[in-house]
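Coordinate analysis (summary)
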Amino acid sequence: MSSSTEHTAGLFGEAQHHLPDADLSVSSIFSMIRRGFSISSSAPGSCEAGTPNAVRLLWLRSIGHDGSIAAPDNDADIWRTDVPEQYHLQAGDVLLSEVVTGRPKAAQVQEQDLPAAAVGSILVLRPASTLTAEHMRLVLAFLRSSAVGSHALGAFGRQRLRRRDIESFVLPEDDDALSAALAELETAGRQLSVWSSEATGIAESVFDRGADTAEARQRIIEVGQLTRLRAEAAAQLDDFDYIVRTRFPYPIALRWRETEARMSAGDLGPAYDAVLETAEILLCYSALLTAALAHGASIELTAVAALRTKLVANRGGPGLGEWTAVLQEISGAKKRRTLSPDHPLHELGSLLGDEAASDARQRLAARRNDKSHLRPVDPVDLPSALQESFNDLSLLATRARFLADWPLIQVTSVVWDAFRGKASLSIRRLMGDHPVVPTSTMSHPSSAVETGSLYLADRDHRLYLLRPFLTGQICPTCRTWSTFHADKVGGELVLKSLEHGHYFPCSEETDAFRQVGLF
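Our subject in this report is the structure included herewith. Everything numeric in this text was worked out from a predicted model, so none of it was measured.

1. Some points on the overall build of the protein chain
- For the protein chain, the helix and strand inventory stands at 17 helices and 19 strands.
- A principal-axis box enclosing the C-alpha atoms of the protein chain has dimensions of 95 × 70 × 55 Å.
- Sorting the 519 residues of the protein chain into buried and exposed places 44% on the buried side.
- Put simply, of all contacts in the protein chain between residues at least 6 apart along the chain, 68% involve residues at least 24 apart.

Encoded structure:
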């Protein structure tokens, strides 16, 4: 079983028997549950494929654990003309293994699988009405789960699912977000399978042109280069440092790169400072996302109001305490109760939502405060302090892994097509540790997009405006493209960079800050 199939099959823990408000039992969704046609594979009367009225017999071995139905095989398939009409499969039928060893097999019949009939230990479930592809994906994942398999009875190796148990199972509700996530995982699994097949094919062809080993080696090196590069790139994704450097938003990725560079060079003092600063920028960026998304969802955060009070009263700009307060407030489920299940604020609310993350944040904050109040770490203790603080930073970054799925983008142009009802956006994906990135395009269902502004794009490519909480432009000090947030220096409202701390007077954004309740 492929890893993606294992993840999919493990989604549902226990089969449910208590129905929700909408009846989603198997007996209500499927109008027919029938055992497969009973016939021996050695029975006489088989015919050639293409014979009038002939149907292909599908055995349990024809169904893959990943929900696939084996393609026709002229050498292995059995075709017959004497299968009663009631056993002929229809497109949309669901095939479920009656005999279970571990997890059941389940697949949906497609037009290309017909004409066919299920044989023997296969149960055929016919939907009472057409289910959406998204809902059917969840139903099949449930039927392939250990929750269903646990109800099989009998001796090991011949355990069977009883029809009355199957009829009482409660199927999962339609959930577009979960289904989309499953589809992405299955697509990734299929792509990896294709690459694996390519590698196997190259290896098997090593001596297709004879036994000259020198020539074979050169050919394998040339033909297999792309496959090797794919494997090397994929292997790097097991290194979390690589993920942060290349897949996290630019402000965090850049700070992380500096931390890694300092630590690898043995610069203990600068490395320790870099760890603490990276932790603050991680929380800063996450809090700015939270504030922007909460404003867009009309959710009032008292932590943002407190930040406004601090800015207006000339008590300085936001720091680690303010960023933490924003993230702690959104961690409460009450603030998020009106949001759709796939809204990004739910994952931002989980960042400091457990005790381990909260403790790590507190330890880092204490170290940051000690540094700010001239209580340096003793040189003797510096190696252990550096390692402990980096461990805490790594824990927080792991909790924030969802940021790698949400591109930080800058829109550079918007072209609206009234006939298609779509806008073509030119964007820069500011992910990874460098601000110089190529321009790409994406479609968007609305023209209400600001050129030059920063947006967060979620997994479903919905855009969330981040201005004025987070803006991007060329820094007047270092001439590097940078991201900025509101700060207060010497009683003056300024924009301060997340990447390097440079700041400059804010003038044009003042009205926007007032409109979002930040000034």
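On we go from here.
2. What about the side chain of His135?
- Within the secondary structure, His135 is located in helix H3 (residues 133-143).
- Not counting the four nearest positions on each side in its chain, His135 is found in contact with Leu24, Pro172, Glu173 and Asp174.

3. Quick notes on the sheet that holds strand S14 (residues 454-457)
- In space, the 5 strands of this open sheet follow the order S13-S12-S11-S14-S15, with antiparallel pairing throughout. This sheet does not close on itself; its edge strands, each paired only once, are strand S13 (439-444) and strand S15 (463-465). For this sheet, the mean inter-axis angle between neighbouring strands, taken without regard to orientation, is 45°.
- As paired elements, strand S12 (residues 422-429) and S13 share 6 bridges and run antiparallel to each other. Pairing of Leu425 across the sheet is with Met442, part of S13.

4. Remarks on the sheet that holds strand S3 (residues 55-58)
- The 4 strands are arranged S2-S4-S3-S8 in an open sheet whose pairing can be described as mixed. Every interior strand has two partners, whereas the edge strands, strand S2 (46-47) and strand S8 (116-118), have only one.
- With 2 bridges connecting them, S3 and strand S4 (residues 79-80) associate as antiparallel partners. Bridging from a neighbouring strand, Val55 pairs with Arg80 of S4.

5. Here we look at the environment of Leu352
- Relative to the assigned elements, Leu352 resides in the loop between helix H14 (344-349) and helix H15 (355-372).
- Between the C-alpha atoms of Leu352 and Ile330, which are 22 residues apart in sequence, the distance is 9.4 Å.
- Once residues within four sequence positions are removed from consideration, Leu352 is found in contact with Leu283, Thr324, Leu327, Gln328, Ala357, Arg361 and Leu396.

6. Overview of the packing of aromatic side chains
- In this structure the tally under the stated criterion is 8 aromatic pairs.
- Residues Phe402 and Trp406 carry aromatic rings whose centres are separated by 4.9 Å and whose planes lie at 45° to one another, so their mutual orientation is tilted.
- Classification of Trp406 as buried rests on a relative accessible area of 1%.
- Here the aromatic residues Phe240, Phe248, Trp256 and Phe390 are joined through ring pairs into a cluster of three or more.
- In this arrangement the basic side chain of Arg34 is found over the ring face of Tyr87, its NZ or CZ atom lying 5.1 Å from the centre.
- A cation sits over an aromatic face here: Arg428 above Trp481, 5.3 Å from the ring centre.

7. What about the state of the cysteines?
- Evaluated as defined, the whole model comprises 0 disulfides.
- Unpaired in this structure, Cys284 has its nearest cysteine sulfur neighbour in Cys475, at a distance of 15 Å.
- Cys284 sits in the buried class, given a relative accessible area of 1%.

8. Regarding the nonpolar core
- The biggest cluster of nonpolar side chains holds 79 residues, and the ones touching the most others in it are Leu403, Leu466 and Leu518.
- Here this core gets 17 residues from one element, more than from any other, and that element is helix H11 (residues 268-296).
- Once residues within four sequence positions are removed from consideration, Leu403 is found in contact with Arg247, Phe248, Pro249, Ile252, Leu282, Tyr285, Ser286, Leu289 and Met431.
- One finds Phe30, Leu123, Val148 and Leu171 within the second-largest nonpolar core, a separate group that totals 24 residues.

9. Points about the packing of helix H10 (residues 250-264) against helix H16 (residues 382-399)
- With their axes 13 Å apart at the nearest point, H10 and H16 run at an angle of 150° to one another. Between H10 and H16, the crossing angle belongs to the class labelled roughly antiparallel. When you trace H10 past H16, the crossing you get is left-handed. From H10, Trp256, Thr259 and Met263 reach across to H16, where they touch Leu386, Phe390, Leu393, Ser394 and Ala397.

10. Considerations on H15
- Taking 1.5 Å of rise per residue, 18 residues should cover 26 Å, and H15 covers 25 Å from first to last C-alpha, within 8% of that figure.
- Buried within H15 are the following residues: Ala357, Ser358, Ala360, Arg361, Leu364, Ala365 and Arg367.
- In this structure, the buried side of H15 is in contact with H11, helix H13 (320-330) and H16.
- Two to three positions downstream of the cap, the backbone nitrogen of Ala356 sits 3.1 Å from a side-chain oxygen, assigning the N-cap of H15 to Asp354.
- One or two positions beyond H15, positive phi appears at Leu374, with a value near 60°.

11. Some details on the packing of helix H7 (residues 213-223) against helix H8 (residues 225-236)
- At a closest axis distance of 4 Å, the pairing of H7 and H8 adopts a crossing angle of 55°. In terms of their interaxial angle, H7 and H8 are classed as oblique. Seen from H7, the contacting residues are Ile220, Ile221, Glu222 and Val223; seen from H8, they are Gln225, Leu226 and Arg228.

12. A look at the pairing of S3
- As paired elements, S3 and S8 share 3 bridges and run parallel to each other. Considered in S8, the bridge of Arg56 is made with Ala116.

13. Digging into unusual backbone geometry
- Geometrically, the link from Leu114 to Pro115 is a cis peptide bond, its omega value of 0° lying close to zero.
- If you trace the backbone, Pro115 turns up in the loop between strand S7 (106-108) and S8.
- Here Arg467 and Pro468 are connected by a cis peptide whose omega angle stands at 5°.
- Look at Ser298: it is not a glycine, yet its phi comes out positive at around 60°.
- Along the chain, Ser298 turns up in the loop between H11 and helix H12 (302-312).
- The class for Ser298 is exposed, based on a relative accessible area of 66%.
- Unusually for a residue other than glycine, Arg479 sits at a positive phi of about 60°.
- Mapped onto the elements, Arg479 comes out in the loop between strand S16 (471-474) and strand S17 (481-489).
- Judged by its relative accessible area of 63%, Arg479 is exposed.

Criteria and thresholds
Residues numbered from 1 in each chain as written. Predicted model: local features only at pLDDT ≥ 70, side-chain atom pairs only at ≥ 80, totals over all residues. Heavy atoms only, no water. Helix = DSSP H or I, 4+ residues; strand = E, 2+ residues; numbered from the N terminus. Buried < 20%, exposed > 50% of the residue type's maximum accessible area, 1.4 Å probe, protein only. Contact = heavy atoms within 4.5 Å. Pairing = 2+ DSSP bridges. Axes fitted to C-alpha atoms, helices over the stretch in contact; angles between N-to-C directions. Phe/Tyr/Trp six-rings, centres within 6.5 Å; stacked < 30°, edge-to-face > 60°. Lys NZ or Arg CZ within 6 Å of the ring centre and 35° of its normal. Disulfide = S-S within 2.5 Å. Core = buried A, V, L, I, M, F, W, Y, C linked by side-chain atoms within 4.5 Å. Parallel < 35°, antiparallel > 145°, perpendicular 65-115°, else oblique. Left-handed = near helix turned anticlockwise from the far one by under 90°. Expected span 1.5 Å × (residues − 1). Polar contact = N/O pair within 3.5 Å; in protein donor to acceptor, adjacent residues only side chain to side chain.

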